Amino acid sequence: MYTRLERNDECWCGSGKKYKSCHAAFDDKIIKFESQGIKVPDRSLFKTAEDIEGIKKSAVINMAVLDEVGDKIRAGMSTQDIDDIVNDVTTKMGGIPADLNYEGFPKSVCTSINEEVCHGIPSKDIILKDGDIINVDCSTILNGYFSDSSRMFCIGDVSPEKKRLVDVTKECLEEGLKAVKPWTPIGDMGHAVHQHALKNGYTVVREIGGHGCGNAFHEEPFVSFVSKPGTGMLMVPGMVFTIEPMVNMGTNEIFIDEDNDWTVYTADLKPSAQWEVELLVTETGYELLCW
Ligand SMILES: [Zn+2]
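Residues numbered from 1 in each chain as written. Predicted model: local features only at pLDDT ≥ 70, side-chain atom pairs only at ≥ 80, totals over all residues. Heavy atoms only, no water.

**Structural notes on the coordination of the zinc ion**
Around the zinc ion, the protein contributes the donor atoms Cys11 (SG), Cys13 (SG), Cys22 (SG) and His23 (ND1), at 2.0 to 2.3 Å from the metal centre. Note that the zinc ion binds four donor atoms; their angles at the metal cover 107 to 112°, and the shape is tetrahedral. For the zinc ion, all donor residues lie on one chain, and their spacing in sequence is C-x1-C-x8-C-H. Of this pair, cysteine 13 sits in the segment before helix H1 (24-35) while histidine 23 sits in the segment before H1, and the two are 10 residues apart along the sequence. Among the residues examined, histidine 23 registers a relative accessible area of 19% and is labelled buried. (Donors = N, O, S within 2.8 Å, 3.2 Å for Na, K, Ca; no water. Tetrahedral: all angles 85-135°; square planar, octahedral: opposite > 155°, others 65-115°. Helix = DSSP H or I, 4+ residues; strand = E, 2+ residues; numbered from the N terminus. Buried < 20%, exposed > 50% of the residue type's maximum accessible area, 1.4 Å probe, protein only.)

Next comes the structure, spelled out in structure tokens:
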């Protein structure tokens, strides 16, 4: 349960002010939602100004890495070449690739091509071909702060069907962003994403979603993109999370590669696309931190 401090205590936010003249009213608002049966975030999920600065500096690296990948990516290149770019740019800028060794993940970035939904493992044997679509999902640690975003790249001449999937998936993310409003449940956001995908004849992966991020790689809450309105955790200013729907051309069913225990595929082997941003919930909406 969300608890108040004593009125004259120093505020929990680190401002040095007294609680009553700092976050007391903010906490009262949260407690009011909680009393209505709405799931509310733990105070540990609210980022301080220092945290937000740290995440933004980490994101500068993450976005530079994805920019560099975007400049260089082309048919004939291996996904190991992408991994090399990610590792080089990240470390030269003073960061650490967050994916590397994360729960045993062997590479610095995830590269997921066509029917691969996510967690594709870079390899010198996987060569990009004309007509491929690929998601490059990159995460950086700088001074203990985590940034996370992913982009789609179209290799050469991509079919109109695949191009539309890539474009609509981006629109799904944008619909989600429009639904990021403070003091509303996060299920509203996921619902907006899902509806846009369905309207376009696509499905959305249920088992894997977004997450809180910033002081750790994966924080609460789990962010679903197939959620019902009015459900899920309250979006409160100061929270940082990712929006990263995985949108499938065919079934929403998926399976995991038995050989590497990482790579997720669509069950019907039809293409899947994903875009990811990391955002801060603000008093008026949101601020993008990493994209
Ligand atoms: Zn405060």
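After that view, the rundown keeps rolling.
**Let's talk about the environment of proline 41**
With respect to the helices, strands and loops of the structure, proline 41 is situated in the loop between H1 and helix H2 (49-72). With residues up to four places along the chain from it excluded, the contact list for proline 41 reads Tyr2, Phe46, Met233, Leu234, Val236 and Met239. (Contact = heavy atoms within 4.5 Å.)

**Notes on the sheet that holds strand S13 (residues 254-256)**
Spatially, three strands are ordered S3-S14-S13 in an open sheet, and the strand pairing comes out antiparallel. Either end of the sheet is taken by a strand with one partner, and the two such strands are strand S3 (116-118) and S13. When the angles between neighbouring strand axes are averaged without regard to direction, this sheet yields 40°. With three bridges connecting them, S13 and strand S14 (residues 264-266) associate as antiparallel partners. Paired with isoleucine 254 across the bridge in S14 is threonine 266. (Pairing = 2+ DSSP bridges. Axes fitted to C-alpha atoms, helices over the stretch in contact; angles between N-to-C directions.)

**Digging into the pattern of salt bridges**
Using the criterion set out here, one finds 12 salt bridges in the structure. Among the ionic pairs, glutamate 207 bridges to arginine 206, the shortest N-O distance being 3.6 Å. Overall, glutamate 207 belongs to the partly exposed group, its relative accessible area being 44%. Using a relative accessible area of 36% as the deciding quantity, one classes arginine 206 as partly exposed. Here arginine 206 and glutamate 253 are joined by a salt bridge, their closest N and O atoms 3.3 Å apart. Remark: glutamate 253 occurs in the loop between strand S12 (246-248) and S13 and arginine 206 occurs in the loop between strand S7 (203-204) and strand S8 (210-212); sequence separation between them is 47 residues. On the basis of relative accessibility, which here comes to 37%, the residue glutamate 253 falls in the partly exposed class. Each member of the salt-bridge network shares a partner with another, and the members are Arg206, Glu207 and Glu253. (Salt bridge = Lys/Arg side-chain N within 4 Å of Asp/Glu carboxyl O.)

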